[in-house]
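# What the coordinates show
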Amino acid sequence: MKLSFPLVAIGLEVSMIVLFGFFVKYETEQNVQQQYSTNATKVDKFLELHPLFQDVHVMILVGFGFLMTFLKKYGFSSVGINLLIAALGLQWGTFIQGILHNKGQTIYIGIKNIINADFSTATVLISFGAVLGKISPVQMLIMTILEIAVFAGNEYVVGEIFQASDIGASMTIHAFGAYFGLAVAGVLYQSGLRRQNEKEESVYHSDLFAMIGTLFLWIFWPSFNSAIAETTEQQYLAIVNTYFSLVACVLTAYAFSSLVGKRGKLDMVHIQNATLAGGVAVGTCADMKIHPYGAMIIGSIAGTVSVLGFKFLTVYQDYHVDAGSCSRIFPWNGNCWRADHRFNSQVHCLCPAIY
Amino acid sequence: MKLSFPLVAIGLEVSMIVLFGFFVKYETEQNVQQQYSTNATKVDKFLELHPLFQDVHVMILVGFGFLMTFLKKYGFSSVGINLLIAALGLQWGTFIQGILHNKGQTIYIGIKNIINADFSTATVLISFGAVLGKISPVQMLIMTILEIAVFAGNEYVVGEIFQASDIGASMTIHAFGAYFGLAVAGVLYQSGLRRQNEKEESVYHSDLFAMIGTLFLWIFWPSFNSAIAETTEQQYLAIVNTYFSLVACVLTAYAFSSLVGKRGKLDMVHIQNATLAGGVAVGTCADMKIHPYGAMIIGSIAGTVSVLGFKFLTVYQDYHVDAGSCSRIFPWNGNCWRADHRFNSQVHCLCPAIY
Amino acid sequence: MKLSFPLVAIGLEVSMIVLFGFFVKYETEQNVQQQYSTNATKVDKFLELHPLFQDVHVMILVGFGFLMTFLKKYGFSSVGINLLIAALGLQWGTFIQGILHNKGQTIYIGIKNIINADFSTATVLISFGAVLGKISPVQMLIMTILEIAVFAGNEYVVGEIFQASDIGASMTIHAFGAYFGLAVAGVLYQSGLRRQNEKEESVYHSDLFAMIGTLFLWIFWPSFNSAIAETTEQQYLAIVNTYFSLVACVLTAYAFSSLVGKRGKLDMVHIQNATLAGGVAVGTCADMKIHPYGAMIIGSIAGTVSVLGFKFLTVYQDYHVDAGSCSRIFPWNGNCWRADHRFNSQVHCLCPAIY
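Residues numbered from 1 in each chain as written. Chains lettered and ligands numbered in written order. Predicted model: local features only at pLDDT ≥ 70, side-chain atom pairs only at ≥ 80, totals over all residues. Heavy atoms only, no water.

### Observations concerning the overall build of chain A
For chain A, the count of helices and strands is 12 helices and 5 strands. For chain A, buried positions account for 64% of its 355 residues. Residue pairs in contact within chain A that sit at least 24 positions apart in sequence constitute 76% of those at least 6 positions apart. Carbon together with sulfur atoms contributes 61% to the accessible area of chain A, which is approximately 12,200 Å² in total. (Helix = DSSP H or I, 4+ residues; strand = E, 2+ residues; numbered from the N terminus. Buried < 20%, exposed > 50% of the residue type's maximum accessible area, 1.4 Å probe, protein only. Contact = heavy atoms within 4.5 Å. Areas by Shrake-Rupley, 256 points an atom, 1.4 Å probe, with all protein chains shown as cover.)

What follows is the structure, encoded as C-alpha cells:
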C-alpha cells in the first residue's frame, strides 16, 4: 500500500520520458520547407505568445491551486495535489494531444502545444475539486491519465472530424465542465463546513487564501480565452469580450448573492466562484463580434444563473453518521458526499437531492 | 433595506449595458482612414501593450485587494468589495473617460481605454481604504460612480483644456491622492488595532496577507507609471526611473521606521505602505530624463517623508467608548475613526489631532 | 545600537546615489555608433524582454519572500527583510556588475543590467534563508554588499577571463548554491519546528503562505533560465527544457517524498523545495539541445536526489537546552542551529551530523 504511490508515480514518469524520447522534438528541428516558415519566425511566435502562456500557467498552478484552499482541512491537498496533477497532466497532455493531431508522427514542441497541455490539465483540476479528499493520490494519477485521454479524443473528434469551431469546442468541453465541477464541489463542501465552523479564524483565513486563487483566475481569464485564437484580431476580440463579460458578471453575482443571502449578506462562496462564470460563459464565442454590450449581457446572465444554481439546484440533505459510512461519490450521480466533523467522530453525508 | 444593494447593483449593470450598447464599439470597427493606421497595427499595439496592462490589472485586483487585509476584521470586505468596486469602476471608467475624450461620440475600445479605466478605478480603491468598514456596499457603489466622474472631469480639464502634461497630471491626481488615502487610513486603523492585539496570530497572518498586496504593487509599479507613455523611449524612462525610485525608497523607509520605532524595531505598517511611496513620488516625472540617481533621490525622500508623516502627522487621541457612539468619518475632515474592540463592546474612537 | 541600522541603511543609500550619479546613465544616452544599433532598437529590446524581467522580479520578491514564511516565527522577517535585501542588492548588483563588465567606465542601464541585478540578489536571498532569525538587519546589509561583490567578481573571472559559458556559469554559481542553501536551511528549521507544533493552525497556514512562494518560483523558473540567453533560439530552448525538467521533477519528488515518509505521507518541505530542484539542475545546460526527454531525465534525477538529500544527508541531533547557549551557526561548517521552543524557555540545538 505504502509503495503503490511511489511506484505508480515513478512508473508514469519513466513512461513519459520514453514516450517523449521517441515522439517529441523541438520545433526548431522541424523541416522548414514543409511549413513555409523559418525557424526564426517559429521561435518569434513562441516568444510573442509566451506572456499569454505565462498568464494561463499562473491560472493553472496558483489559480486552481488556491481556489480550493477554502476547504480548511484540505489546504495542503488542494495546493499540493494540484501541483502533482498539473505536472503529470502537462506531460501527458502534450503527448496525447500532439500524437492525435499529428496522426502518430513526431511532435514538434511549440507554444500552442504547451498552452493546450495547460488546457487539458485544467479539465482534470476541475474534477479534482469535486473529489478532493475522497480519492487517493494514486487514484488521482490514474484519473489524470484517463480524463486527459478522453478529453483529447473528444476534442480531436469534435475539432478534426466534425470540423467544429475549435475555440468554441474547447471551451464547451473543459471550461464549462470546469465550472460545473467547481460549483458542485464548492456548494457541497462549503455549506457543510460552514455550518460547523462559521466563527473560526482558520476558515476565515482559508477563505482569504481561496481569494488568491479567485483573483488570479479572474485577472488572467482573458488570456485563457484568447491564448489559442488563430489571428491577432481574434485574440483582441477574445480579450475584450472576456474582460467585459467578467466585470458584468461580478455585479450580478454580488447582487444575487445578497438577494438570496440571510439579511442581505454576501456569501464568500459566490464571490469565489460565481464571479468567474462570466469568463466561462463567454468562452464559446469570445472570438466573435458579439460587441462589448453583448459580452456584458452574457456575463450578467452567467453571474445570475451561477448564484441561483448554487442556491437552488443544490438542495441536499445532511446526515450526521459515524465515520466511514457514507457511500462513495460523485455528487452528480446521486451519491453522497462526506465531510468529516472536526470535533467528534461524526461525518456529514451531503446528498444532493434534485440533480 | 435588504433589497437596496441588489437593486442598485443590477440597476447599475443594466445602465452600463445600455450605455455600452449605444456608445462602445471594437477599435477594429473604426474608420481606418481617419486614424492613418490599419486594423492590423491597432490590434498589434493592443497585444504589445497587453503585458503592461496585465501588470496594472494585477495591481488593481491583487495589490489593492490584499493591501487592506491587514485589518483583521475586514479581510473579506477588503478583498471582496475591492473586486466589486473594480468591476463597476472598470465599466464606468471606460465609458466616462471615453465619452469625455471623444466629445460624446462613439468610443472604440483600445488598450489605452482599459488601462485608463484601471487608473480611474485605482482612485476609488484608495478612498475605499479610508472608508472600509464604515460605509455600506450601496454607498460604495454610489461613491464609485461619483468619484470616477469627478476624476474623469478633472483629468479632462487638466489634460485637454489646460494642455498640461498628461502623465504628470494623471499621477498628481490619483497616485498621490491614492497614497495619501492609504497613509491616513493605514495609520489610523493599524495603530489602534495593533495596540490591542499585538500578540495575536490572526493579526500576524493578516499582515502577511497584506504583504501579498504590497509586493505585487511594488513589483508592478514601473508598469503602472509607464503603461500610457506616448513613446517607447518614454516607457523605457518611466520603467527605469520608477524602478530605481522604488529600491531607494525601501532603504530609507526601513531606516526611518527603525529610527522612530520602539527599540529600533521595524513597523509592518511602514513596510506595507511607505515602501510604495517611491513609486508615487516619481510618478509625475517618471517619463523625463531625471537620471537614475535623480530617481533614487526622489525615492529616498519619499520613503523618509512617508514614514515620518505616518509617525508625526497622525497624532490622534484614542477614546474608549460604547459601541456606535463615534461620529462618522472622514479622518481628514476632523472627524473620528471607529475600530471595534475585539473582546468587549468598547469602541476605539481615533481622532486625528493636527491635520 | 538602536542607531546602527538606520545609519548603515541611510549611509548605504547615500553611497549608492553618489555611485550612480558618477557612473550610471540611461542606455539611450549611449554613443550609438559604437554599438551598431540605434536608440530605438535598444529601447525595443528593453520592452521585448520586459515581460521576462517581470517574471524574474516576481520570483525574487514574491517567490523568495514567501518561500521562507513556513517558519512560523519568522514570517515578517522572511517577507520584510527579503524586500530590504532585494532593494539594496538590486542597486549594488547593478553597479558592481556593470563596473566590472565595463572596466570602470560609465554603465548604460539596459534590460540585461537589471535582470543580472535580480540574479545577483538571488544569491543573497538564498544565504538569507540559512541565516534567517540569526543575524541582525545590519549584518544582513553588510552580507548583501560582500556577497554580491564576491559573486560579481567570481562571475567576471569565470565569464570574462576563462571565457566559460555564461549561462552555465551563472547557474552553477548562484542557482545551485541557492538550492543548497534552501535545502539545508529548510530541513534544519522545519524538522525541529515540526516536531513541536505539528498540530498548530499557524504552522498550517505558514505552510500555505510558503506555497505562494514555491508556486511563483516554479511557474516563472523557465523565464529565470532564459532571460539572459543570447539568441531567441536559446531562449526558446531554455524555456522548453526548464519547463519539462520542472514537471518531471515534481513526480519524482512526490514519489520519493512518499517513499521515505511515515506511512507513505507526503512532506510539505519536499513539496515546497524539491519540486524546484528541476529548475536549478537544468540551469547549466538549459540553452543547449538536450532534447525534452533529456531535460525530463535531469529533472527526475534532481527531484529524487533533492528529497533523498533532505532525508539522509541531514541527520542531526536535537538537544533541548536553555535559551542562548547554542553556538552560532552556519550549518555546513559543523556548528549547530537554534530554534526557540515556543512554549517554554528551552531552545532546540540542531546539529548536522554527517555533512
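### Looking at the packing of aromatic side chains
Under the criterion given, the structure shown has 39 aromatic pairs over all chains. Ring geometry for Tyr236 of chain A and Phe46 of chain B: centres 4.9 Å apart, planes at 90°, overall edge-to-face. Highlighted residues: Tyr236 of chain A in helix 9 (residues 232-260) and Phe46 of chain B in helix 2 (residues 39-67), drawn from two different chains. Among the aromatic residues, ring-to-ring pairing joins Phe66 and Phe209 of chain A, Phe66 and Phe209 of chain B together with Phe66 and Phe209 of chain C into one connected group. (Phe/Tyr/Trp six-rings, centres within 6.5 Å; stacked < 30°, edge-to-face > 60°.)

### Observations regarding the interface of chain B and chain C
At the junction of the two partners, chain B supplies 52 residues and chain C supplies 56 residues. For the pair chain B and chain C, the summed buried surface comes to about 4,700 Å²; carbon and sulfur atoms form 79% of the total. At the boundary of chain B with chain C, the tally comes to 0 salt bridges. Connecting chain B to chain C are 9 residue pairs in polar contact (both at pLDDT 80 or more). With 20 residues, the single largest contributor to the side of chain B that touches chain C is helix 8 (residues 232-260) of chain B. (Buried area = accessible area lost by both parts, 1.4 Å probe. Salt bridge = Lys/Arg side-chain N within 4 Å of Asp/Glu carboxyl O. Polar contact = N/O pair within 3.5 Å; in protein donor to acceptor, adjacent residues only side chain to side chain.)

### Some thoughts on the side chain of Thr275 of chain A
Examined against the element boundaries, Thr275 of chain A turns out to sit in the loop between helix 10 (268-273) and helix 11 (277-281). Since its relative accessible area comes to 0%, Thr275 of chain A is described here as buried. For Thr275 of chain A, the side chain forms a polar contact with the main-chain oxygen of Ile271 of chain A, separated by 2.6 Å. The residues touching Thr275 of chain A, leaving out its near neighbours within four places in the chain, are Thr214, Trp218, Leu246, Cys249, Val250, Ala253, Tyr254 and His270 of chain A together with Leu83 of chain B.

### Concerning the interface of chain A and chain C
Chain A puts 56 residues into the contact, and the matching count from chain C is 52 residues. Counting each side, the surface lost to burial between chain A and chain C is near 4,700 Å², with a carbon and sulfur contribution of 79%. Interface area lost by chain A to chain C is led by Tyr26, Phe76 and Leu83 of chain A, which between them contribute 17%. Counting across the chain A and chain C interface gives 0 salt bridges. Between chain A and chain C we count 9 residue pairs in polar contact (both at pLDDT 80 or more) in total. Elements with a contribution of two residues or more to the side of chain A that touches chain C: helix 1 (4-23), strand 1 (24-26), helix 3 (39-67), helix 4 (75-101), helix 5 (111-131) and helix 8 (201-226) of chain A. Tallying contributions element by element places helix 3 of chain A first for the side of chain A that touches chain C, with 13 residues.

### So, the environment of Leu251 of chain A
Positionally, Leu251 of chain A belongs in helix 9. With 53 residues separating them along the chain, Leu251 of chain A and Thr304 of chain A place their C-alpha atoms 9.2 Å apart. Once residues lying within four places of it in the same chain are set aside, the contact partners of Leu251 of chain A are Ala9, Leu12, Glu13, Leu84, Ala87, Leu88 and Gln91 of chain B.

### Overview of the relation of the copies chain B and chain C
Once chain B has been moved 0.0 Å along the axis and rotated by 120°, it coincides with chain C to within an RMSD of 0.0 Å. What the rotation and shift describe, once combined, is the action of a three-fold rotation axis. Judged by C-alpha distance, Pro51 of chain B is the residue of chain B that lies nearest the rotation axis, at 3.9 Å. Comparing contact sets, just 10% of the residues at the interface of chain B also lie at the interface in chain C, consistent with a heterologous contact between different surfaces. (Least-squares fit on C-alpha atoms with pLDDT ≥ 70 in both.)

### Quick look at the state of the cysteines
Residues and elements named next belong to chain B. The final tally for this structure, using the stated rule, is 0 disulfides over all chains. Just so you know, Cys249 is unpaired, no disulfide at all, and the nearest cysteine sulfur is the one on Cys285, 14 Å from it. For Cys249, a relative accessible area of 0% translates into the label buried. (Disulfide = S-S within 2.5 Å.)

### Some words on the packing of helix 8 of chain B against helix 11 (residues 292-312) of chain B
Residues and elements named next belong to chain B. Relative to each other, helix 8 and helix 11 sit at 35°, their axes nearing to 6 Å. Classified by chirality, the crossing of helix 11 by helix 8 is right-handed. Contacts between helix 8 and helix 11 involve Asn241, Phe244, Ser245, Ala248, Cys249, Thr252, Ala253, Phe256, Ser257 and Val260 on the former and, on the latter, Pro292, Ala295, Met296, Ile298, Gly299, Ser300, Gly303, Thr304, Val307, Leu308, Lys311 and Phe312. A per-class count over the contact of helix 8 with helix 11 returns 13 nonpolar, 8 polar and 1 charged. (Axes fitted to C-alpha atoms, helices over the stretch in contact; angles between N-to-C directions. Left-handed = near helix turned anticlockwise from the far one by under 90°. Nonpolar A, V, L, I, M, F, W, Y, C, P; charged D, E, K, R; others polar.)

### Side note on the UniProt feature "transmembrane region" (unreviewed entry) in chain A
Residues and elements named next belong to chain A. Sites flagged by UniProt as "transmembrane region" (unreviewed entry) map to residues 7-24, 52-71, 83-102, 114-133, 171-191, 203-224 and 236-256. Counting secondary structure, residues 7-24 comes out at 94% helix and 6% strand; the distance between its end C-alpha atoms is 24 Å. Helix makes up 100% of residues 236-256 and strand 0%, and the two end C-alpha atoms of the span are 31 Å apart. (UniProt positions renumbered as here; feature names shortened; annotations may be inferred.)

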